[in-house]
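# Residue-level structural notes
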Amino acid sequence: MSTDILGQFKLISGQITAEAPVNLSNSIFSGTITIGAFSYFNYGCEVGDAEIGRYCSVGQHTLIAPGEHPMQFLSTHPFTSDPSGVSAGMPDNDDYARIACTGISRRNTPKRVGMARIGHDVWIGARAIILRGVTLGHGAVVAAGAVVTKDVEPYRIVGGVPATPIRWRFPSDLRIQILDLEWWNYDLSGLAEPRDYSDVEAMVERLGELKITGALKPLAPRTSVCTA
């Protein structure tokens, strides 16, 4: 397995496409997943179909794009919607196959579909849940234990069940500058010392000048693919 993907992890099924480096420490993945450079997961996360940007920090035991069940069918159990048995952990099981659905005539169920889309520089606190179809904008922050059911704007901090806005990370003019800069698309290793990221205004101005002059080069990370 490529050393560009750090940490022990389990891919149940599907494919992970990851830029280097990433750390998937002791987490479980299934589905189609892309992960940007420098993003990392703390232990015990479970991730389904998702696009995850660069420089994301994912707290322990976070769920991203978990499976959902049709509440409008006879039963919420997967035998009514998944004839393969995979979602119930019963593939190739004869007992399951004998009762599994053979067709679905009503598809207007409110069950969520699609990937979770997580922008760059997003921090997701421990034990948060990000539902399918949700987009977290660049720079967003999700408080620990939150359940995110709706899209989150860039640089918005949200929390609660369901998650609601708490405040912004930065003032409006600074948010606009950072989003226009798109610093995550550039190779910060070319930034000479001192590198003081705590002074946001000064760093945005410095990076902006380097971007204009062409001294700030695009980030071109290696890519690794894992399939199961």
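Keep in mind the model is a prediction, meaning the values are calculated, not measured.

Each helix and strand counted, the chain has three helices and 18 strands in total. Projected onto its principal axes, the C-alpha positions of the chain cover 65 × 40 × 30 Å. Pairs at least 24 apart in sequence give 33% of the contacts found in the chain among residues at least 6 apart. Only carbon and sulfur atoms are counted for the fraction: they give 53% of the accessible area of the chain, which is about 12500 Å². One finds the centroid of the 20 positive side-chain charges in the chain at a distance of 5 Å from the centroid of its 23 negative side-chain charges.

With respect to the helices and strands, the residue serine 57 is situated in strand β8 (residues 57-58). Only 3.3 Å separates the side chain of serine 57 from the side chain of tyrosine 40, close enough to count as a polar contact. Leaving out residues up to four positions away in the same chain, serine 57 has contacts with Tyr40, Val122, Trp123 and Ile124.

Turning to helix α2 (residues 172-181), a few remarks are in order. Residues of α2 that are buried: Leu174, Arg175, Ile178 and Leu181. All buried residues of α2 lie within an arc of 130° about the axis, which places them on one face of the element. The exposed set on the far side of α2, more than 90 degrees from its buried face, consists of Asp173, Ile176 and Asp180. Of the surrounding elements, those touching the buried residues of α2 are β17 (164-168) and α3 (200-213). Just downstream of α2 lies glutamate 182, where phi reads positive at about 50°.

Counted by the stated rule, this structure contains seven salt bridges. Its salt-bridge partner being arginine 222, residue aspartate 4 comes within 3.0 Å of it at the nearest N-O pair. Here the residue aspartate 4 occupies a position in the segment before β1 (5-6), and arginine 222 occupies one in the loop between α3 and β18 (223-227), the gap between them amounting to 218 residues. Looking at aspartate 4, the relative accessible area reads 14%, which means it is buried.

Ranked by size, the top nonpolar core spans 35 residues in total, and within it Ile16, Phe29, Ile35, Phe41, Ile64, Ile124 and Leu136 carry the most contacts. When residues in this core are grouped by element, the largest group, four residues, is from strand β2 (residues 9-19). Residues contacting phenylalanine 29, with those up to four places away along its chain left out, are Phe9, Lys10, Leu11, Ile12, Ser13, Ile16, Leu24, Ile35, Phe41 and Val47. Phe170, Trp184, Tyr186 and Leu216 belong to the second-largest nonpolar core, a separate cluster that totals 18 residues.

Thresholds applied
- Residues numbered from 1 in each chain as written.
- Predicted model: local features only at pLDDT ≥ 70, side-chain atom pairs only at ≥ 80, totals over all residues.
- Heavy atoms only, no water.
- Helix = DSSP H or I, 4+ residues; strand = E, 2+ residues; numbered from the N terminus.
- Contact = heavy atoms within 4.5 Å.
- Areas by Shrake-Rupley, 256 points an atom, 1.4 Å probe, with all protein chains shown as cover.
- Lys, Arg positive; Asp, Glu negative; His and termini not counted.
- Charge placed at Lys NZ, Arg CZ, Asp CG, Glu CD.
- Polar contact = N/O pair within 3.5 Å; in protein donor to acceptor, adjacent residues only side chain to side chain.
- Buried < 20%, exposed > 50% of the residue type's maximum accessible area, 1.4 Å probe, protein only.
- Arc of directions from axis to C-beta.
- Salt bridge = Lys/Arg side-chain N within 4 Å of Asp/Glu carboxyl O.
- Core = buried A, V, L, I, M, F, W, Y, C linked by side-chain atoms within 4.5 Å.

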